Amino acid sequence: MKTVVAVNENGARVGDSHLQARLTNGEVDLLLRLHEDGWGYRRLAEKFGISKSGVRRICKGETRCQTPARFKEVHLPND
């Protein structure tokens, strides 16, 4: 089976295409909006089921901050 994934300029998967992504791009957008509305890291971590440090890294732009340079088709293993 094939699927299309977002990659950066080096060809590495980014966003919810990344193999270790726990949140969708939509969830990250919501998390950032809630943080702008005054939600704290602890409350966001509980809501989204990730660590407080994970929330902090997203809010500070240390992770999940890359824009896809292009998209490519990849093969998925058969289940």
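For clarity, every value in this text was computed on a predicted model and none was experimentally measured. (Residues numbered from 1 in each chain as written. Predicted model: local features only at pLDDT ≥ 70, side-chain atom pairs only at ≥ 80, totals over all residues. Heavy atoms only, no water.)

A. Inspection of helix α2 (residues 41-48) at higher detail. Those residues of α2 that sit buried are L44, A45 and F48. Each buried residue of α2 lies within a common arc of 100° when the element is viewed along its axis, so the set occupies one face. Along α2, exposed side chains directed more than 90 degrees from the buried face belong to R42 and E46. Tucked inside the fold, the buried residues of α2 contact α1 (25-36) and α3 (52-59). Of the residues flanking the end of α2, it is G49, one or two places downstream, whose phi is positive at about 70°. (Buried < 20%, exposed > 50% of the residue type's maximum accessible area, 1.4 Å probe, protein only. Helix = DSSP H or I, 4+ residues; strand = E, 2+ residues; numbered from the N terminus. Arc of directions from axis to C-beta. Contact = heavy atoms within 4.5 Å.)

B. Summary view of the packing of α1 against α2. Running from amino to carboxyl end, α1 crosses α2 at an angle of 155°, the nearest separation of the two axes being 10 Å. The orientation of α1 relative to α2 falls into the category roughly antiparallel. Once α1 is placed against α2, the crossing between them reads as right-handed. Of the residues in α2, those in contact with E27, L30, L31, L34 and H35 of α1 are Y41, L44, K47 and F48. Broken down by class, the residue content of the contact of α1 with α2 amounts to 6 nonpolar, 1 polar and 2 charged. (Axes fitted to C-alpha atoms, helices over the stretch in contact; angles between N-to-C directions. Parallel < 35°, antiparallel > 145°, perpendicular 65-115°, else oblique. Left-handed = near helix turned anticlockwise from the far one by under 90°. Nonpolar A, V, L, I, M, F, W, Y, C, P; charged D, E, K, R; others polar.)

C. Examining the pattern of salt bridges more closely. One pass over the structure, following the stated rule, counts 2 salt bridges. Of the charged contacts, one joins K2 and E73 as a salt bridge, the two residues approaching to 3.4 Å between their closest N and O atoms. Of the two residues, K2 is situated in strand β1 (residues 2-7) and E73 in strand β2 (residues 70-75); the sequence distance between them amounts to 71 residues. Just as K2 is exposed, E73 falls in that class too. Residues E62 and R56 are paired through a salt bridge, measuring 3.4 Å at the closest nitrogen-oxygen approach. Its relative accessible area of 29% is what places R56 among the partly exposed residues. (Salt bridge = Lys/Arg side-chain N within 4 Å of Asp/Glu carboxyl O.)

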